[in-house]
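Per-entry structural report
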Amino acid sequence: MTRFDYDLFVIGAGSGGIRASRISRHLGAKVGIAESYRIGGTCVIRGCIPKKLLAYAAHYAEDFEDARGYGWSVEGASFSWPALIASKNREIARLSKVYTDGFARTGIDVIEDTAKLADAHTVAIGGRRVTAQNILVATGGGPVKPAIPGIEHAITSNEAFELPELPKRILIVGGGYVAVEFAGIFNGLGSEVTLSYRGEQILRGFDDDVRRHLHDEMGKKGVRILLQSSMSGIARRDGGTLEASVSGKALACDAVMFATGRMPNTARLGLKESGVKLDGAGGVVVDRFCRSSVANIYAAGDVTHRIALTPVAIREGGAVALTLFGGVETPVDLDDVPSAVFSQPPVGTVGLTEAKAIEKLGKVDIYKTTFRPLRHTLSGRDERTLMKLVVDAATQRVVGAHMVGADAPEIIQAIAIAVKAGLTKAQFDATVGIHPTAAEEFVTLREKQGERGK
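This report concerns the structure included in the present document. Given the structure is predicted, the values throughout are model-derived calculations rather than measurements.

**Focus on the overall build of the protein chain**
- Looking only at helices and strands, one finds 12 helices and 22 strands in the protein chain.
- Here the C-alpha atoms of the protein chain give a radius of gyration of 24 Å, agreeing with the 22 Å that 2.2 N^0.38 yields for 454 residues.
- The dimensions of the protein chain, computed from C-alpha atoms along their principal axes, are 70 × 65 × 45 Å.
- Each of the 454 residues in the protein chain was classed as buried or not, and the buried ones make up 48%.
- Sequence separation of at least 24 residues holds for 64% of the intrachain contacts in the protein chain that already meet a minimum separation of 6.
- For the protein chain, the accessible surface area stands at approximately 21,500 Å², while carbon and sulfur atoms represent 51% of it.
- Put simply, the protein chain has 55 plus and 51 minus side-chain charges, and the middle of one group is 3 Å from the middle of the other.

Laid out in C-alpha cells, this is it:
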C-alpha cells in the first residue's frame, strides 16, 4: 500500500482551501496547505472584506449630509485616504493571522511558497516535493487586463486597495459588480468617476429592472456612465496625468482601473500535464462533487470558473472534505445562490431574473415597487428603492427576488431561504411584515404588474 505524506494537500489558502483543510483535519485527515501570497486568499486580502470596508467609508459622506435633516450639524468633517488604507491593512493583517494561528492550533502544515503539480499525487513547492493521496486545487482567480497600448499605466482592483493617494479623477473600465462597486467607493470618497462599459447596460446577467435602476441611482450620485463605449489606449502626459482614448475621444484622468473580468489562476500549476481537464478560460472542469478528470484531484472556488462567490467556495471546500473523509459523497447545490453587489446603493438578488424565468418557465407574474425610503423623507435625498418578485404563473412559486436599496444584501439573505424552500406568493402574502421597514414590502406586494412570457 502506497504511503503518502498527506491524506489531503491543498494548493491555495483562500476561502475554499481553508474550509476544506479545517474540516478535513477535524475529520482526522493529515493535511498540508500551500499559499504563494498571503493566508486568507482574495476575499480576505484584496476582495470582499477590504472592499466592503471601503464601501462603508464611502457612505459616510452621504451620512454626514443626511444628518442635517435630523437636526445634526457636522462641521469640519474631513477624509484621509492614507488613514483609511492603514486601518484597512491592520484589519486584514489581523484576519490573516487568525487563519494562520488556526492552522497551527489544529495541526495543519502550512508551506508559504508557490506550488505546482508534478504528477497526480506529487506537489513541487520551492525546492521540495510532497506527496498526497488527494489534492485540492483552490487557487482562485485574478483580474485580467486587455492588450492595448499603454496598459502598463492601468490598475486593477488588486492595486486599487493599495493606492498611495486618492485619485482626483478615475476612469473605471467595465460594467460588472467590481466596476460598479469601485465606482461607488471612489465617488463617495470624493473622486470624479467615469465608468466606461462596452455593453448596452451595466451588470450584465442581472435582472433588467435592477440594471436600469442602479444605473439611474449611480447617475444621481454623480457617477458618469458611458455605455457602448470602448477603450483603445492610455498615455501618460506631462505632470504624471493620464489620457485615455474612449470611443475615439481623449479623457484626462489620474488613474485608469480595469474591471473587465477575472480568470482562474491555473497557469503554471502543471494541471494539464497531470491530466486535469480545463475549460476554455482555464478553469478546472469538475463534477457535482468538485472532482476533476483525475479521480484524486479536486477543485473548489473561483478556479472552477463557475460561480465566483466566497460562500460558494466555502461550500465547495466543505463538500470536498466530507466526500473524502466524512463517509458520504457530498454534492454542491448551486441552484438559487443569492448574491450582492456592494454598490451605492447596494443590490441583493436571488433566483431567476424575469428574462431567465420566462425562458425557463414560459409565463411569470411580476410584482414590483419603487419608493422613497422613510429615512430620506427628512434627509431630502433623491434616492429610490426597487423591490421585485418573479413568480411562476403556473405554480405561484416565488422563483426570483431582486432589490436595489439600503440593506438590500441583508434583506435578500433572508428572502433567499424562502426562495430556496420553494415558497409561494400566497405564503409570502400570509407573512406579517415588520413596520416600518423596507423589508416588509416583500410581503405586502399585492398589485401584479402583469403576466409576462410565452
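From this point on, the discussion continues.
**Some details on the packing of aromatic side chains**
- Evaluation of the coordinates by the stated rule reveals 5 aromatic pairs.
- Taking 6.2 Å as the distance between ring centres and 40° as the angle between the ring planes, the aromatic pair formed by Y60 and F64 counts as tilted. Highlighted residues: Y60 and F64, both in helix α3 (residues 48–67), separated by 4 residues, approximately one helical turn.
- For Y60, a relative accessible area of 48% translates into the label partly exposed.
- Residues W81 and F186 carry aromatic rings whose centres are separated by 6.1 Å and whose planes lie at 25° to one another, so their mutual orientation is stacked. Highlighted residues: W81 in helix α4 (residues 81–106) and F186 in helix α6 (residues 177–188), separated in sequence by 105 residues.
- Accessibility expressed as a relative area gives 1% for F186, which makes it buried.
- Clustering of aromatic rings is evident, with ring pairs tying together W81, F161, F182 and F186.
- The cationic tip of R46 hangs over the ring face of Y37; the distance from NZ or CZ to the ring centre is 4.2 Å.
- Directly above the aromatic system of Y367 lies the positively charged group of K425, at a separation of 4.3 Å from the ring centroid.

**So, the packing of α3 against α4**
- Two elements in contact, α3 and α4, have axes whose closest approach is 10 Å; the angle formed by their N-to-C orientations is 145°. Judged by the sense of rotation from one axis to the other, the crossing of α3 with α4 is right-handed. Contacts between α3 and α4 involve I49, P50, L53, L54 and A57 from the former and W81, L84, K88, E91, I92 and L95 from the latter.
- Here the residues of the contact of α3 with α4 sort into 9 nonpolar, no polar and 2 charged.

**Remarks on unusual backbone geometry**
- A cis amide bond links Q344 with the next residue in sequence, P345, at an omega value of 0°.
- As for its placement among the helices and strands, P345 is situated in the loop between β17 (339–341) and β18 (347–351).
- With an omega dihedral of -5°, the bond running from H435 to P436 counts as a cis peptide bond.
- Structurally, P436 is set in the loop between α12 (425–429) and β22 (448–453).
- Backbone geometry at Q396 places phi at a positive 65°, although glycine is not the residue there.
- Assignment of secondary structure puts Q396 in the loop between β20 (385–392) and β21 (398–404).

**Details of the pairing of strand β4 (residues 115–119)**
- Bridge analysis of β4 against strand β5 (residues 122–125) gives 4 bridges, and the strand direction is antiparallel. Across the sheet, the residue bridging to D119 is T122, located in β5.
- A loop of 2 residues connects β4 with β5, the two strands running antiparallel in sequence.

**Some details on the pattern of salt bridges**
- Considering all chains together, one arrives at 31 salt bridges under this definition.
- E181 is the partner of K51 in a salt bridge, and the nearest nitrogen-oxygen pair spans 3.2 Å. Of this pair, K51 sits in helix α3 while E181 sits in helix α6; the two residues are 130 residues apart in sequence, bridging distant segments of the chain.
- Note on K51: relative accessible area 10%, which makes it buried.
- Since its relative accessible area comes to 1%, E181 is described here as buried.

**Things to note about the packing of helix α1 (residues 15–26) against α4**
- Running from amino to carboxyl end, α1 crosses α4 at an angle of 20°, the nearest separation of the two axes being 11 Å. Taken together, the axes of α1 and α4 lie roughly parallel to each other. Judged by the sense of rotation from one axis to the other, the crossing of α1 with α4 is left-handed. Residues I18, S21, R22 and R25 of α1 touch α4, and the partners they reach there are Y99, F103 and T106.
- By residue class, the composition of the contact of α1 with α4 is 3 nonpolar, 2 polar and 2 charged.

**Description of the side chain of E354**
- With respect to the helices, strands and loops of the structure, E354 is situated in helix α9 (residues 354–361).
- Taking relative accessible area as the criterion, E354 reaches 13% and is therefore assigned buried.

Cut-offs applied
- Residues numbered from 1 in each chain as written.
- Predicted model: local features only at pLDDT ≥ 70, side-chain atom pairs only at ≥ 80, totals over all residues.
- Heavy atoms only, no water.
- Helix = DSSP H or I, 4+ residues; strand = E, 2+ residues; numbered from the N terminus.
- Rg over C-alpha atoms; globule rule 2.2 N^0.38 Å.
- Buried < 20%, exposed > 50% of the residue type's maximum accessible area, 1.4 Å probe, protein only.
- Contact = heavy atoms within 4.5 Å.
- Areas by Shrake-Rupley, 256 points an atom, 1.4 Å probe, with all protein chains shown as cover.
- Lys, Arg positive; Asp, Glu negative; His and termini not counted.
- Charge placed at Lys NZ, Arg CZ, Asp CG, Glu CD.
- Phe/Tyr/Trp six-rings, centres within 6.5 Å; stacked < 30°, edge-to-face > 60°.
- Lys NZ or Arg CZ within 6 Å of the ring centre and 35° of its normal.
- Axes fitted to C-alpha atoms, helices over the stretch in contact; angles between N-to-C directions.
- Left-handed = near helix turned anticlockwise from the far one by under 90°.
- Nonpolar A, V, L, I, M, F, W, Y, C, P; charged D, E, K, R; others polar.
- Pairing = 2+ DSSP bridges.
- Salt bridge = Lys/Arg side-chain N within 4 Å of Asp/Glu carboxyl O.
- Parallel < 35°, antiparallel > 145°, perpendicular 65-115°, else oblique.

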